[in-house]
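Analysis of the macromolecular model
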Amino acid sequence: MDWDHLRYFLELARTRKLSAAARRLDVQHTTVSRRIRALEQLVGAPLFTRSGGEYLVSEAGRRLLPQVEAMEVASLSVLGAGPARDGELSGVVRVGATEGFGTVVLAPVLARFAQAHPQLVIDLLPLPRNVNLSQREADIVVSLERPVRGNAVAARLCDYVLRLYASPAYLAQHPPIRSRDDLPQHSFISYIDDLLFSKELRYLAELCRPQRYALRSTSVLAQHQAVAQGAGIGVLPAFLADGDARLCAVLPEQAQFVRTFWISMPKENRSVARIQAIWSLLRSAAQTDSRLRPLV
């Protein structure tokens, strides 16, 4: 049986869409469809059912899936079994992370590492949502919540601090803020409640009940820019806001939040040299970046 057929089956089972599987495999969606049809002819049964535009694994597909996943694990083990020539790292590593952390903290670190290893390709996914490890959207994921136990290795990456920020212009044009009691009368920049991807982002519930939101966004980078433009007050990660001269911390001693980043990867990735190298790099970077340390 052609391993490529099985690889295409695995991606479609994880993504549930031809277009998404095609992007992951870097092929046309018609190629995915053709491979799946060829595999179904070989096994003599349909492997997917269609429902609302998605491809759901059939009963025959569910019987096949664990065997194909075992083949994938074996393949990754073979790829990572020996050292690269002359100690070089090569291949592709995909890292998923929250938007702000991925953009501000990880991108520079990974860019420097990529320069030092020209045979290595690093895909960075800094997204305002959870990157799904079980569906293999990434090889390594940095998340706000500890991954559910399963076929994954997980570790606490680091704590980080968030504070209230506003622009000097906003503070000059609005009533003074001396305590938390003064906050509700001000305009806020925040997330859209029904689109929050993690309960860890519900900061304002711990602080106050704003009477007005000037702007809400799923993107912390968009919130950062709105606060800097003077639209209102917002809760931002210190690693994102402290270096911005356009911002001032508001009630820094009374309004401070600490959250945790977690790092995880599938267990089979532990034997792949390039993935293990990136894992170690991220843990080291998080431990040494002074922007991530909460105030004492």
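Everything below is about the structure printed above this text.
The rules behind each value
Residues take numbers from 1 onward in each chain, read along the sequence in its written order. Totals for whole chains, interfaces and linings use all residues, but because this is a predicted model, local features are given only for residues with pLDDT of at least 70 and pairs of side-chain atoms are given and counted only at 80 or more. The side-chain figures draw on all heavy atoms in the structure; neither hydrogens nor water molecules are used. Numbering of helices and strands starts at the N terminus; helices are DSSP runs of H or I of at least 4 residues and strands are runs of E of at least 2. We call a residue buried when its accessible area falls under 20% of the maximum for its residue type, exposed when it is over 50%, and partly exposed in between, using a 1.4 Å probe and counting protein chains only. In what follows, a contact means two residues having at least one pair of non-hydrogen atoms within 4.5 Å. All accessible areas in this document rest on Shrake-Rupley with a 1.4 Å probe, and a residue is counted as covered only by the protein chains that are shown. The charged-residue count follows a simple rule in which Lys and Arg add positive charge and Asp and Glu add negative charge, with His and chain termini not counted at all. Note that the charge is assigned to NZ on lysines, CZ on arginines, CG on aspartates and CD on glutamates. Two N or O atoms count as a polar contact when they lie within 3.5 Å, although within protein this holds only if one can serve as hydrogen donor and the other as acceptor, and sequence-adjacent residues are included solely when both atoms are side-chain atoms. Pairs of strands are assigned from DSSP output, requiring at least two bridges between the strands. Here the axes come from fitting lines to C-alpha atoms, over the contacting stretch only for helices, and the angles between their N-to-C directions go from 0 to 180 degrees. With respect to orientation, any angle under 35 degrees is reported as roughly parallel, any angle over 145 as roughly antiparallel, any angle of 65 to 115 as roughly perpendicular, and every other angle as oblique. Crossing handedness follows the turn of the near helix against the far one: under a right angle anticlockwise gives a left-handed crossing, and clockwise gives a right-handed one.

A look at the overall build of the protein
The helix and strand inventory of the protein stands at 9 helices and 11 strands. In the protein, buried positions account for 47% of the 296 residues. Within the protein, counting contacts between residues at least 6 apart in sequence, those at least 24 apart form 75% of the total. Surface summary for the protein: the accessible area is close to 15,100 Å², and the carbon and sulfur share equals 49%. Of the charged side chains in the protein, 36 are positive and 28 negative; the average position of the first set lies 2 Å away from that of the second.

Some thoughts on the environment of Ala 22
Take Ala 22: it is sitting in helix α2 (residues 18-25). Residue Ala 22 is classed as buried on the basis of its relative accessible area of 5%. With 10 residues separating them along the chain, Ala 22 and Leu 12 place their C-alpha atoms 8.4 Å apart. The contact partners of Ala 22, leaving out residues within four places of it in the chain, are Val 27, Gln 28, His 29 and Val 32.

Here we look at the side chain of Asp 244
Secondary-structure assignment places Asp 244 in the loop between α8 (238-241) and β10 (248-250). The exposure class of Asp 244 is buried, given its relative accessible area of 12%. For Asp 244, the side chain forms a polar contact with the side chain of His 224, separated by 2.8 Å. Not counting residues within four places of it along the chain, the set of residues in contact with Asp 244 comprises His 224 and Ala 228.

Some remarks on the environment of Gln 256
In this structure, Gln 256 sits in strand β11 (residues 256-266). Along the chain, Gln 256 and Ala 97 lie 159 residues apart, while their C-alpha atoms are 23 Å from each other.

Considerations on the pairing of strand β1 (residues 48-51)
Relative to strand β2 (residues 54-57), β1 runs antiparallel, the two sharing 4 bridges. Residue pairing in the sheet places Thr 49 in a bridge with Leu 56 of β2. In sequence, β1 turns back onto β2 through a hairpin of 2 residues, with Gly 52 there showing a positive phi of about 55°.

Concerning the packing of helix α5 (residues 99-116) against helix α9 (residues 273-288)
Between α5 and α9, the least distance of the axes is 11 Å, while the angle of their chain directions is 135°. Considering their axes alone, α5 and α9 lie oblique with respect to each other. The hand of the α5/α9 crossing is right-handed. Facing Leu 106, Val 109, Leu 110 and Phe 113 of α5, the residues of α9 in contact are Ala 277, Ile 278, Leu 281, Leu 282 and Ala 285.

As for the pairing of strand β6 (residues 152-166)
Most of β6 is tucked away, with 11 of its 15 residues classed as buried. As paired strands, β6 and β11 are joined by 11 bridges and run antiparallel to one another. Bridged to Arg 163 within β11 is Gln 256. Judged from the 4 bridges that link them, β6 and strand β9 (residues 233-237) form a sheet pairing that is antiparallel. Each residue of the ladder has a partner; that of Leu 164, found in β9, is Val 235. The pairing of β6 with β10 spans 3 bridges and is classified as antiparallel.

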